[in-house]
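Overview (structure and organization)
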Amino acid sequence: MSAASCVLNEDQFLCSICLDVFTDPVTIPCGHNFCKTCITQHWDIKVPFQCPNCQKVFYSRPELQINTFISEMAAQSRQSALQKDSSSSSQQQAAKPGEVPCDVCTGTKLKALKSCLVCLESYCETHLEPHLTMSGLKRHQLIDPVENLEGRMCTKHDKLLELFCKTDQMCVCMLCTVLDHKTHDVVPLKEEYEGKKAELGKTEAEIQQMIQKRRLKIEEMEHSVGLSKEDADREIADGIQVFTALKESVERSQAELIDTIKEKQRKIEKQTEGFIKELEQEISELKKRSTEVVQLSRSEDHLHLLQSFTSLNAVPPTKDWTGVSVRPPSYEETVVRAVNQLEETLSKQMKKLFEAELKRVKQSAVDVTLDPDTAHPKLILSDDGKQVKHGDVKKNLPDNPERFDTNVCVLAKQSFSSGRFYYEVQVKGKTKWDLGVVRESINRKGIITPTPQDGYWSICLRNENEYKACTNPSVRLSLKSQPEKVGVFVDYEEGLVSFYDVDAAALIYSFTGCSFTEKLYPYFSPCNNDGGKNSAPLIISPVNHTE
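This structure is a prediction, so every number in the text was calculated from the model and none was measured. Here the residue numbering is sequential within each chain, running from 1 through the sequence in written order. Only residues with pLDDT of 70 or above have their local features reported here, since the model is predicted, and side-chain atom pairs are shown and tallied only from 80 upward, although totals for entire chains, interfaces and linings are computed over all residues. The basis for every side-chain value is the complete set of heavy atoms in the structure, and neither hydrogens nor water enter the calculation.

**Remarks on the overall build of the chain**
- Strands are runs of DSSP state E lasting at least two residues, helices are runs of H or I lasting at least four, and both sets are numbered from the N terminus onward. When helices and strands are tallied, the chain shows 9 helices and 24 strands.
- Radius of gyration here is computed from C-alpha atoms only, and the compact-globule reference equals 2.2 Å multiplied by the residue count raised to the power 0.38. In terms of overall dimensions, the chain is more spread out than a globule: its C-alpha atoms have a radius of gyration of 55 Å, far above the 24 Å expected for 547 residues.
- Once the C-alpha set of the chain is aligned to its principal axes, its extents read approximately 195 × 90 × 35 Å.
- Only protein chains enter the accessibility calculation, which uses a 1.4 Å probe. A residue is then buried if its area is under 20% of the maximum for its type, exposed if over 50%, and partly exposed in between. Among the 547 residues that make up the chain, the fraction classed as buried is 33%.
- Should any heavy atoms of two residues lie within 4.5 Å, those residues are considered in contact. Of the contacts formed within the chain by residues at least 6 apart in sequence, a portion of 57% connects residues at least 24 apart.
- Per-residue accessibility takes into account occlusion by the displayed protein chains alone, with areas from the Shrake-Rupley method and a 1.4 Å probe. Within the structure as shown, the chain displays about 34,000 Å² of accessible surface, and the carbon and sulfur contribution to it stands at 52%.
- Charged residues are defined here as Lys and Arg on the positive side and Asp and Glu on the negative side; His and the ends of the chain fall outside this count. Positions of charges follow a simple convention, taking NZ of Lys, CZ of Arg, CG of Asp or CD of Glu. Looking at charge distribution, the chain has the averaged site of its 69 positive side-chain charges lying 3 Å from that of its 80 negative ones.

**So, helix H7 (residues 189-297)**
- One less than the number of residues in a helix, times 1.5 Å, gives the span that helix is expected to have. Under the 1.5 Å per step criterion, the end-to-end length of H7 is 154 Å for 109 residues, consistent within 8% with the ideal 162 Å.
- Every buried residue of H7 is listed here: Glu192, Val242, Leu246, Ser249, Ser253, Leu257, Ile268, Phe275, Glu282 and Leu296.

**A word on the environment of Glu355**
- Within the secondary structure layout, Glu355 lies in helix H9 (residues 331-361).
- A relative accessible area of 39% places Glu355 in the partly exposed class.
- For the pair Glu355 and Gln281, spaced 74 residues apart in sequence, the C-alpha to C-alpha distance is 65 Å.

**Description of the pairing of strand E16 (residues 433-439)**
- A large share of E16 lies buried, amounting to 6 of its 7 residues.
- A pair of strands is considered paired only if DSSP assigns at least 2 bridges between the two. Pairing analysis gives 6 bridges linking E16 to strand E17 (residues 456-462), with the strands arranged antiparallel. Bridge pairing links Leu435 to Ile459 in E17.
- Both E16 and strand E23 (residues 520-525) contribute to a ladder of 6 bridges, which runs antiparallel. Looking at the pairing, Arg439 lines up with Leu520 of E23.

What follows is the structure, given as structure tokens:
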């Protein structure tokens, strides 16, 4: 038979089970032909024995007869394909590393163009042609070339994985659906593929959105770092300017001190020089008179001695030096005065610094109002929530968990868990008070010790002029003046709580190195009334940014 007629009749040499060219073809009693392996496996599963084509049933397993004619024709078909392969292989590219090779090529493996999910083989251009021209092979599913096609077969039934079990979330073959997955929700791979592809699209969109958010966060962080660098550079420049001025002030004071001391020394040296000059002049005159007296006393001329005696016998007039002395000046007072002047200069400079610092922290001003649900029953709050004072009389209020029941305290409604915040409280006219911030989880029942260990960062006034930082032990604060308005500033991330005398623009005290992990609430205690001595209220004041 010619090669042309072989090609024209190749459909007759396809097994109806595997849809491929016969391998070891056999004939069953009804006359239909199959691959020996295909019909054997088919009958191993199907009972009774039945022809897959005409559905004829055999009541005993038929004996399989080798069909030599079809075997020869199938071999000739393969040989024809190989010859065609060898004639065209020189025009095609050999598979490079990383590319899928043709499974049919012998010798040099050419680059595969497609893989067949039915045959589980990959084909170059030549060996792909039967799948493009033969009607039986055209029904096979071709995909872009992939490796490991065996992985697409069911390991249990050696059939193509063409279905998806939603119940077990796994790929299965047709036999799996009638055996292990009989009652499960099974759909074609393509249907599940479309669904999963849509999910992947959503996931990809979500991932892209997450990427975009993180890019924006990077931009935000870089912008924050840029602002921080600007602040740092400005702070360094201001610091250099301040310390340069302080250094110049110290050097100037030192120079003035040295000049003052040297001037005193020059005065005493000049005075002493005058005294010595007078003394030396008197000594010179006395020496001259001494010489004249000695000469006269040795004279043999009686008349001359008597005539000169009166003028030479008297001591020349001189100054009385008994009370005259040189006393070194007191340099100690000079040094003290110079240091005092320097201290005044430094105090003025410090005041300017604190004014600038206070102006900066005021930029973090927040609106704070008192929370009546936290107030001790004896406290009286104004309707606007801006004032609190002690009222002596205990009101009948619900003892909710937020309320202080022993210490006369109240918290603000507002809480802060990041960033910076600042507020001001008027304490004018009071003899006792407590101010600061507390963490959310503080104990509000019974006697409370307001220390950082217990979640309180506060300062207080006791006995009219006794200011303390509430630590353990407490720190006595030395203030030049009594504050009438106190500013409270918190930098959550920095772990800083600072208190300012607003009118004096002076720092009262700072808690540094704090570790905040909870919400912080502004904290107020007007303390007891003390028979009217401490009746003035604590007043949350609006922040004046122009001061």
